[in-house]
Amino acid sequence: MRKIPNKRAQSVKAKQRANITFRMNILFFSIFLLFTLLILRLGYLQIVKGEDYTRAIERTEEVPVNTSVPRGRIFDSQGRIMVDNEPQLAITYTKMQTTKSEEMFEIAKELSLLIEKKADGITKSDLQDFWLRKYPKEALKLVSEEERNKIEKNDELEEKEKNAEINRLTRSRIPEEQLEAFSPEELEIIAIYREMASGYALSPQIIKGEDVTDEEFARVSERLGDLIGVNTTTDWRRVKTSSLAILGTASLPKEGIPKDRLDYYLSRDYSRNDRVGKSYIEQQYEDVLQGQKSVVKNITDGKGRVIDIKTVYEGEPGKDLVLSMDSEVQLAQEEILGQKLLELKTGNGASAKYLDRAFFIMMDPNTGEVLSMVGKRVEKNAKTGKYEIKDYAFGSFTTAYEVGSTVKPGTLLTGYRENVISPGDVLVDEPIRIKGSAPKSSVFNRSGRIPLNDLEAIERSSNVYMFKTAYGLAGRTYKENQSISFGPEAFQKMRNGYAQLGLGVPTGIDLPGEVTGVIGGVEDGKLLDLSIGQYDTYTPLQLAQFVSTIANGGKRIQPRVVKEIREPSADGVKMGKVVKEFQPNVLNTVDNSQEEINRMRQGMQRVYSGAKGTARSAFGTAPFNGAGKTGTAQSFFFDATIKNPKERNIRTVNLTHIGFAPYDNPEIAYALVIPHASLESSYKTNVSTGIARELVDKYFEIQLKNGALKDSEEAMPIPTIKPAFTNEKIDEEETNN
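Because the structure is a prediction, the values reported are computed rather than measured.

About the cut-offs
Residues numbered from 1 in each chain as written. Predicted model: local features only at pLDDT ≥ 70, side-chain atom pairs only at ≥ 80, totals over all residues. Heavy atoms only, no water. Phe/Tyr/Trp six-rings, centres within 6.5 Å; stacked < 30°, edge-to-face > 60°. Buried < 20%, exposed > 50% of the residue type's maximum accessible area, 1.4 Å probe, protein only. Lys NZ or Arg CZ within 6 Å of the ring centre and 35° of its normal. Helix = DSSP H or I, 4+ residues; strand = E, 2+ residues; numbered from the N terminus. Axes fitted to C-alpha atoms, helices over the stretch in contact; angles between N-to-C directions. Parallel < 35°, antiparallel > 145°, perpendicular 65-115°, else oblique. Left-handed = near helix turned anticlockwise from the far one by under 90°. Contact = heavy atoms within 4.5 Å. Nonpolar A, V, L, I, M, F, W, Y, C, P; charged D, E, K, R; others polar. Patch = residues over 30% accessible without salt bridge, like charges linked within 9 Å, V, L, I, M, F, W, Y side chains within 5 Å. Areas by Shrake-Rupley, 256 points an atom, 1.4 Å probe, with all protein chains shown as cover. Salt bridge = Lys/Arg side-chain N within 4 Å of Asp/Glu carboxyl O. Core = buried A, V, L, I, M, F, W, Y, C linked by side-chain atoms within 4.5 Å.

Undergrad: I'd love a proper account of the packing of aromatic side chains, names of residues and values included.
TA: Evaluation of the coordinates by the stated rule reveals 21 aromatic pairs. Look at Phe-660 and Tyr-663: their rings are 6.1 Å apart centre to centre, the planes differ by 20°, and that puts the pair in the stacked class. Take Phe-660 and Tyr-663: they sit in the same class, and that class is buried. In this structure, Arg-261 packs its charged tip against the face of Tyr-264, placed 4.5 Å from the ring centre.

As structure tokens, then:
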């Protein structure tokens with residue numbers, strides 16, 4: 001009998017097939033969507049973000065390498081070398097990211113057979129490292145199992161801290177006699193390994209950079225294929241041809257970046273063993289003098305190991321600096337001032353007990369270029385007992401003194417500006433008697449009454465004319481035997497007037513470490529002392545800027561010791577092209593009329609040539625027509641060797657002198673400061689005027705001698721490099737000791 005199909009079963013199977021088909025469609029559609037998203041994502045990464053990721057790869061592969069490129073050289077204004085680089089043979093080691101300490105140690109052993117390495121830089125930690133490597137079994141016994149377990153079970157310590165504690169205990173228990181028993185050969189290996197391990201990966205480390213013999217260089221060069229990471233190359237030593245301290249110093253490769261500036265330089269892609277400027281010009285112009293490192297690209301295999309290195313950028317030497325100073329002028333004036341200081345020190349006995357320094361600054365008042373910066377200090381040699389002269393040029397902007405009557409032109413210019421006095425005003429020079437105080441008077445007039453105008457006040461250096469101007473700034477009129485009460489406004493007016501001319505404010509010199517001096521308080525009687533330069537203190541450089549401002553007609557110009565930045569010389573004969581030439585930077589213009597400024601210039605001219613000029617004896621016969629101002633200041637020297645604290649402040653006298661020449665078209669402006677020249681009780685006369693004359697004469701003598709040569713060189717498009725003015729050579733090791 002024929003069977004009838006089960007319609008219910010057929011319906012179930014049909015539904016199952018339909019469900020499977022639906023699910024497969026969903027699966028295929030999902031796969032399609034995933035592939036579509038993947039393709040879109042890959043397209044986005046390749047097309048939109050491709051360049052960004054390429055740059056990221058380059059950043060990780062291209063590494064600045066600390067190759068030994070020469071620092072920029074420093075020349076004087078005539079193209080003479082003042083700081084140079086001398087090449088020397090060197091042996092270096094560069095470790096890779098994957099280099100192991102065992103590999104470096106084996107290379108150190110090999111190198112010790114090829115070169116001689118002094119062991120003077122080895123530390124106790126280096127000796128301990130070597131002992132632990134040489135005696136690993138003995139090292140394990142130095143910390144007992146019980147001590148190890150106790151440290152391991154300390155839950156307060158992390159794993160690194162536990163290992164560090166075990167290492168500390170191990171090192172502390174290494175017998176001292178064993179650390180002292182290493183042979184000279186072993187110490188040499190330690191010294192080499194120490195240098196190799198101290199550098200960063202891919203940063204060449206100098207293993208030996210001094211006194212590498214030709215034989216050592218050849219032996220190592222022959223074995224470079226076996227000594228992975230070792231290279232023979234050329235390093236550079238910094239050599240000065242002048243003892244001028246403001247040239248500064250650069251760190252040695254073995255000391256690298258100074259610790260106090262480590263973060264600053266590391267953030268600017270320096271390596272720890274880079275040379276950097278540590279002081280003055282070398283420090284101020286570090287970015288210019290520092291050469292550009294080479295850049296290499298590391299080629300790695302699938303395991304991240306470096307298999308090849310390609311140079312992307314060769315690197316280049318630092319740029320050269322041309323100073324504003326002529327080393328012939330500088331050296332000649334250094335010799336004069338040093339000799340005069342020595343004569344004053346040895347020829348005046350007890351009176352010159354506290355005399356130990358002198359400064360002379362000469363500037364171009366129209367550009368701010370420092371033409372010479374002379375500072376000398378006298379010291380007694382502990383071994384020979386004889387006095388020696390040391391360079392102290394940086395003291396001209398890092399130390400400050402009372403400068404006396406040389407501020408008086410500033411006092412009168414302030415009086416003009418504040419409408420206290422006018423050009424041509426006559427005031428009576430007479431002893432100033434203040435209730436309860438000793439009389440204050442001018443040196444040339446201790447008891448009489450002498451009418452003086454402003455020009456005569458400058459010519460004869462009247463203290464009283466300045467005192468009465470100070471009274472006017474305070475809104476007061478002098479009356480005999482009255483008490484005084486000057487408000488702070490008068491002090492501020494006086495100091496503002498001085499500041500416009502350059503006293504009591506930063507000069508802006510392109511050297512680090514400048515100070516501004518000490519500003520006193522507002523004690524009533526001190527306003528009179530302030531008006532004659534016997535209260536606030538100023539640096540010799542401020543005094544030079546002060547007279548330059550008057551000389552050029554009222555523009556306070558920033559002083560500079562660097563006039564040009566040039567590319568390195570391409571041939572060693574001609575200087576490189578100018579990268580930057582510094583132009584005069586006017587910091588401010590004084591609020592005086594040209595008539596008032598010219599009036600002060602006339603008064604200063606009378607100091608040199610007037611019948612009663614205080615510098616007439618020295619400058620009256622000068623072949624040039626100049627102007628200036630003499631100064632003496634009561635000062636104090638703190639003598640800590642005196643037992644009684646009340647007697648430690650010794651009264652001394654500072655000697656100063658300022659001037660400019662020629663009068664009609666000033667070429668130079670200058671300031672001389674001799675602090676604590678004598679005891680006040682034995683002071684007789686201001687010897688600074690004669691010294692100033694001799695220093696200025698020397699400048700004009702050299703200019704006259706070199707005039708024809710200078711004219712012939714001006715026609716040359718590119719200046720030639722000249723040898724140093726002296727044969728003196730000061731190695732970087734000497735300047736860093």
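Okay, back to it.
Undergrad: Please give an account of unusual backbone geometry that cites residues and values.
TA: Following Ala-661, the chain continues to Pro-662 via a peptide bond in cis, the omega torsion being -15°. With respect to the helices and strands, Pro-662 occurs in the loop between β19 (649–661) and β20 (668–679). Positive phi values are uncommon outside glycine, yet Tyr-280 reaches one of about 50°. If you trace the backbone, Tyr-280 turns up in helix α12 (residues 280–284). By relative accessible area, Tyr-280 is classed as buried at 18%. Despite not being glycine, Asn-481 has its phi angle at roughly 60°, a positive value. In this fold, Asn-481 is placed in the loop between α18 (463–473) and α19 (488–501). Given the relative accessible area of 47%, Asn-481 is considered partly exposed.

Undergrad: Describe the environment of Asn-167, with residues and values.
TA: Structurally, Asn-167 is set in helix α7 (residues 159–172). The sequence separation of Asn-167 and Phe-638 amounts to 471 residues, and the corresponding C-alpha distance is 53 Å.

Undergrad: Could you give me a rundown of the packing of helix α16 (residues 408–417) against α19, with the residues and numbers involved?
TA: For the pair α16 and α19, interaxial distance at closest approach is 9 Å and the crossing angle is 115°. Here α19 runs roughly perpendicular to α16, going by the angle between their axes. As α16 runs across α19, the sense of the crossing is right-handed. Residues Gly-410, Thr-411, Leu-413, Thr-414 and Arg-417 of α16 pack against Lys-493, Met-494, Gly-497, Tyr-498, Gln-500 and Leu-501 of α19. Tallied by class, residues from the contact of α16 with α19 come to 4 nonpolar, 5 polar and 2 charged.

Undergrad: If you had to explain a nonpolar patch on the surface to someone new, which residues and values would you point to?
TA: Taken together, the side chains of Ile-20, Met-24, Leu-27, Phe-28, Ile-31, Phe-35, Leu-38, Ile-39 and Leu-42 present a nonpolar region at the surface, about 880 Å² in accessible area. Here Ile-31 is to be found in helix α1 (residues 7–48). On the basis of relative accessible area, Ile-31 is assigned to the partly exposed category, the value being 34%.

Undergrad: Any chance you could break down the nonpolar core for me, citing the residues and the numbers?
TA: One finds Ile-246, Ile-281, Leu-321, Phe-360, Met-373, Val-561 and Ile-674 to be the most contacted residues of the largest nonpolar core, which totals 117 residues. Contacts of Phe-360, omitting those with residues within four sequence positions, involve Gln-333, Leu-337, Ser-372, Met-373, Val-374, Tyr-670, Ala-671, Leu-672, Leu-695 and Val-696. By size, the runner-up hydrophobic cluster in this structure holds 30 residues, among which are Leu-111, Leu-114, Ile-115 and Leu-132.

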